[in-house]
Amino acid sequence: MSFLLVDDDIIFRTIAMKQIELFRITDEVIQAENGREALRKLTEAAKSGNLPKAVLLDLNMPIMNGWDFLTQLEECEIQVVRELPVWVVTSSISTDDADKARTFKQVKGLINKPLSKENLELIKSALLN
Amino acid sequence: MLSDESQIISESTTRASLEGILEQTTCQNTKDNLSVALKQLKRDEARLNYLEKLVVHDNDATIELDDKGHILFMNQQASHLFELSEEDAIGKPFFKLTVEKDYLNQVLDFHKTTYEGIPHSGETFFQGLDNITFLGHYVNRPIIGNDGEFHGSIITVKNLTEEQNKREALVRMQEALRLQLEVSLSFANMIPKNCIPVINKAIDSFGSFFDLKQVVVYSNTPINDSLWLAHYGEYNSIQTFQFTDAHLLWLEQHLHKNTYITEKQLSEELLSSYLQHSGADRTPHFFPLINQGEYLGFLAFCSPTNQKLSQILLDTVQLFANNIAGAIQLFNQDKERKVKEEIFEAFSQFSSDGLAIRKDGRYTYLSPSYLKILGYSHDEKMNFSREELYNLIHPFDRAATKQFLNNAVLERRKEVLWLYRILHKNGHYIWREDHFSFIYNDFGELQETFLVARDVTDRVHKDEELNRKERQAQALIEGIPDLIFRLDREGKYLYYKARKEELIIQDKSIIGKNCKELLPRKIALEVEVAIERLFRSGEMQMVQYELDLPELGHRHYEARMVLSGEEEITALVRDITSDVESKKEITMLHSAIENSPMSVIVANQDLKITYVNKHFLTTSGHTKKDIIGSKQPVFKSLEASDDDYKRIISKIQIGSPWSGEILSENKVGEQYWESVLVTPLKESAEGGTQFLIVKQNISEIKALNRELRKLSFVASKTSDSIQIVDADLHIQWINQAFTNLYGYTLEETRGKTPSSVLYGSDTNQEDVTSILEGIAKQKAFSKVMLHYTKAGDAYWMDCNFTPVFDHEGILEKYIIVERDISQLVEAQKRIRSERNLLGTIIDHLPSLVFLKDLNSKRTLVNQADIEFQGKKNASELIGKTDYDLYPTHLADRFKKQDEEIIKTGNPVINSEVLVNHPDGKKWFLLSKIPLKSADGEINGLLGIGKEVTDIKEREIELRESIGVIGDQNKRLKEFTYIVSHNIRSHAANLHSLIKLLELSTNEADRQEYLSMLENVSSNQLKTLDNLNKIISIQGDTNMDLEYIRVKEIVVNTMEVLQPEIIRSSTKIDLHIPSKSGLYSNRPYFESIVLNLCSNAIKYRNPEVHNKVEVFWTEYENNYILKVKDNGLGFDVERYKDRLFGMNQTFHNHPKARGIGLFLVKNQIEALGGSISVQSEPTVGSIFTVEFQKLKS
């Protein structure tokens, strides 16, 4: 099982990797700096049949932000990619963002930073069920 | 080559002898040599034959001559060329074939060829076919024998006729040019009077050059007494040929039209006449001599051959003719000039006017008469210097003269006249009038001054004398009480003496005006007739006329007009108004008495009758004849006794008047009653007392009184009040109803006028006037009047006036019947006042109120509407439509609204209207309600406009402030978001790292976490710094403002960005006026420029050469800063919401950060400006910043 971690903050990504490794959440984490890179990596992964099980998505990123990524994801031709579960991981505490995130059906949950053992395990159990 | 050929020819003659030697010789060696030579010879022979054939059939004519120059042989071409059969030709001397004139030259050449043995070639004219000369190229090759002797020659001739024209043209062209030059030069240097020899010389060279038979030049005007200017050629008799006038006219007419006339165009008669008399055997060609469009004569010549004239000849003759025409013109002009010179000479010698010429500041000529004027003889004083002459001018006039002339020259005047005093030799000053003519060159500089001086001392003195006399006459005239006018024959005023109020026009002078313009037409006509008669007879004319003068009113004048000069008259006008008036009065009185309806008789002291009027004669039946001078007892009643009569007479004789009624009898015995008044008149012209007797027939009145009594019975019974008044409006009778209504009895009112009885304080004076007018017309009429009773109560009465006339049609009385209509009038008045009240209310409503008809024309407006429209009276708006009052778009809207209301009947209530009023924008709530007539039809609409500008403005203000609040709110939200997001993200990282640290057991991991912690905290500090910056912007309400030079800042910014610019090789274009500047906050402004420019450089499109342009433009109320690049660009539609947000980037660019624009936007807004952007992906972006001008 692998996750796709999308965030422009390299420090956050490093921490998240350590946490996922430490808490034994998944074997593998694919990283992407922004939405566009994430889409590209997903398409590649889909081709090689090695699609991650979930996407952890930051909202505020350069080049392609989280919202644009979600929109593009919805329009993706590959069904498995289109139906990937997404957890939005953001430092925003805006309720507007939360409301907006819920309008995307791939979004399974919204997690406020920082990532913790608890919410990582929550994602894992959600995926296993 | 030639020498080879001649050798062959000479050798060929020895072939036979060679063959003979060959047969005879036995010597093998010689034989061999000979056979070689013979072989050679035979070969040469064959060649010769060939050459001979060539010669015979050659295109060139070839002729062989013997040593005498006689023809031995000629080939076909030659015989064809010269039209000679070989037989005819042989034996003839060759040079007979050339044209005569070249013969000698050819002979010389021939001999040259002969004696020197040198081949010779050249060109000459040959006599050929049809006797036509042609140009041929010849080569003359001598035949020299072995003996070195001359045996003859071979001549080849090539016909150059075809080439001739070309070559001729070339040669002649050169020649013509030379000729033209020569002729022009000679004319240019020529003294005009020598033109004939020059023309002659030119004609000679022209004629000989072209080998013309005859050339003549004929001038229209005689030059040196001759019309034939020049001739050349063999026909000398040409000079005896006389062109008839008809010929000359014909030639002039045709030559004017054409460049020249040839044989075919020449009139038959002229041609035959010319050929017959001139001795010429050829037709002449005529060329016109024309200079500057003027026909001066013609040039005629006969060509040497019948060939068509070559173009070169035509061109040359044309040129030649022009030159001759120019010469003739010069000659003519010279003649004119000479005449002028003679006149000038005569003038300067003999005129009494002096003449002076001034050039370059000094006098170049002073005529004898000029000196004479100053008292000097010609010999005595030849040259006055300018200073000397100047010093002679009277000291009073010196400066003025100098200034006047300087000004005249400055103004580039051509001619001026100047009067001044100058010292005569005799020591007295004379008056001189000088006429100056100034001649200027092309540059407007004064070149020469011509001065004609005249001694006008006598004239000046006479003028002075005349002035003095005129002044005396003037004083005399002033003394005469009559008005005086001097007029010219046309009736124009030359002079007048009158008081202002006595003139028709008083605001300006009448001098120079024509009396016909000023006087009424009828009077003007009389004046005109009188003037005409005056000039015809010379006798004084009198005209009487009347004028209505503005101040004096109607006046009578008598004008006596006399001649006061050849072309002028003087009119003495006397005001005879009082005379005329009194005379008129007498006439009037006389006619009144004469035509009086009463009998008037005047008797003297002895009662002898001296005057009776018409009426007396008609009533009494007397004639003037039998009554005047008689002592008829005209005032004795038939009923009276003699004693009674005597008593009356004695009474009147002591000066008392008597009146009474008498019974009279006319001549036919009819009796009638008369009332009589006898008045003694004292101090008559005759000394004694006179008696005026006035009698009136009262028989009818007596009868009428009886009638009246009957009428009054009826009148007394009616409820209408009735008055009977006499013609002078004195009440004679009233009825009972009158008494009942007004409370007056008949006794109280009789003899009084209705006005004095019935009118009161509120009786309308206009009504009274109209009653008087009605009565004056003597017709029946009615009028509503306010009458007062004796008790002072007022009643509205409808008064009917009916005139009553006597049997002679003279107005006798009026019957006035009145009816009380007070109630009706009061009711009307009440309606009117209610209407007034309503009007007053409408007028004082603050809203605009108006009524419109179905065509949207205003029929009523209130005061508020009048004031709003900037008018003074309702009349300025009534009948106007909205198109007259509002701009078209608004009027269109109103019109549509009106039509809708009229169509549907539905009112429009409170529609909002914005009107541009001179006082500013005005908001109205406009309601329009349809108006319905009694039968329910819509016949117009009522409009009410309520001004709500204040409310509306407040509403707009409110809306704006809501916008401001919303804006601030949005910014606050954004800020909160940024704070929460940016700070939280660092905080989250810190939290996570600390958690990891806690859990970590591995020392290497711990080290990693610690270094990350350091990173995170430093990032957090940076974020806090940025936020701090933004907070400081948002909270900064009192920034330091200073004057900033825009260019300086942008240039400095570019220096800061220099490394980046170089690295990216960006081209920077600044479009900033160097003096532009504004009051602003320097750090903010610098930051704005830096951010926008660095973005433009940073986000370049790697595909194209990066270019950044910065524009700065100042407008009336604002400044615009534009930063334009051709970089990556972005989709504005997509990103517009977050463009200026924090941490937003749109470029696929690794360096994109996203705090810059957010900062810039905040700074711009803090400076009261705004920012907008246009962009397109891969094309570029334009950021536009607008700063409002600060009001210092």
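Everything below is about the structure shown above.
Numbers given for residues are sequential positions, taken from 1 along each chain in its written order. Written order determines the labels here, with chains lettered from A and ligands numbered from 1. Predicted model: local features are reported for residues with pLDDT of at least 70 only, side-chain atom pairs are reported and counted for 80 or more only, and whole-chain, interface and lining totals are derived from all residues.

What exactly am I supposed to notice about the overall build of chain A here?
Starting at the N terminus, helices and strands are each numbered in turn, a helix being any DSSP run of H or I of at least four residues and a strand any DSSP run of E of at least two. Of regular secondary structure, chain A possesses six helices and five strands. Secondary structure elements in chain A, listed N-terminal to C-terminal, are β-α-β-α-β-α-α-β-α-β-α. The burial label depends on the number of other C-beta atoms within 10 Å of a residue's C-beta. Counts of 20 or more mean buried, 12 or fewer mean exposed, and intermediate counts mean partly exposed, with C-beta atoms placed from the backbone. Counting every position in chain A, which comprises 129 residues, the buried fraction comes to 36%. Restricting the contact set of chain A to residue pairs at least 6 apart, pairs at least 24 apart contribute 66%. By definition, residue pairs are in contact when their C-beta atoms, positioned from the backbone, come within 7 Å.

How should I be thinking about the pairing of strand S16 (residues 493-497) of chain B in this particular structure?
The side chains of a regular strand alternate, residue by residue, between the two faces of the sheet. Residues and elements named next belong to chain B. By the bridge criterion, four bridges tie strand S15 (residues 483-488) to S16 in an arrangement that is antiparallel. If you follow Leu 487 over to S16, its bridge partner there is Tyr 493. Joining the antiparallel neighbours S15 and S16 is a turn of four residues, in which Gly 491 adopts a positive phi near 95°. The criterion for strand pairing is that DSSP finds at least two bridges linking the strands in question.

How should the interface of chain B and chain A be read in this particular structure?
Bring the parts together and some accessible area is lost; that lost area is often taken as the interface size. Taken together, the contacts link 20 residues of chain B with 18 residues of chain A. Counting only elements with at least two residues in the side of chain B that touches chain A, the list comes to helix H31 (949-999) and helix H32 (1003-1035) of chain B. The dominant element in the side of chain B that touches chain A, judged by the number of residues it contributes, is H31 of chain B, at twelve residues.

How do you make sense of the sheet that holds strand S31 (residues 858-861) of chain B when you look at a structure like this?
Strand pairing in a sheet relies on backbone hydrogen bonds. The paired strands run either parallel or antiparallel. All names here are of chain B. The strand order S31-S30-S34-S33-S32 describes an open sheet built from five strands, whose pairing is antiparallel. This sheet does not close on itself; its edge strands, each paired only once, are S31 and strand S32 (908-917). Ignoring strand direction, the axes of neighbouring strands in this sheet form an average angle of 25°. In the sheet, strand S30 (residues 848-852) pairs with strand S34 (residues 938-947) via five bridges, with the strands oriented antiparallel. Within S34, the residue paired with Phe 850 across the bridge is Gly 943. Working convention: axes come from line fits to C-alpha atoms, limited for helices to the stretch in contact. Angles between N-to-C directions cover 0 to 180 degrees.

Before we go on, may I ask you to explain helix H37 (residues 1156-1166) of chain B in this structure?
Residues and elements named next belong to chain B. Among the eleven residues of H37, nine are classified as buried, and the element is accordingly described as predominantly covered. Turning to H37, its buried residues number three or more, namely Gly 1156, Leu 1157, Phe 1158, Leu 1159, Val 1160, Lys 1161, Asn 1162, Gln 1163 and Ile 1164. Remark: Gly 1168 follows H37 within two positions and exhibits a positive phi of approximately 80°.

Whenever I open this one, the sheet that holds strand S13 (residues 429-440) of chain B confuses me. Can you help?
Residue and element names in this part refer to chain B. As summarised here, the arrangement of the five strands in space is S11-S10-S14-S13-S12, forming an open sheet in which the pairing is antiparallel. Each of the sheet's edge strands pairs with one partner strand only, and the pair in question is strand S11 (362-366) and strand S12 (415-423). Taken pair by pair, the neighbouring strands of this sheet meet at an average axis angle of 30°, ignoring direction. Looking at chain direction, S12 and S13 are connected through nine bridges and run antiparallel. Bridge assignment links Leu 417 to a residue of S13, and that residue is His 435. Packed on one face of the sheet, helix H14 (residues 395-410) meets S12, S13 and strand S14 (446-455) and runs near 165° to S12.

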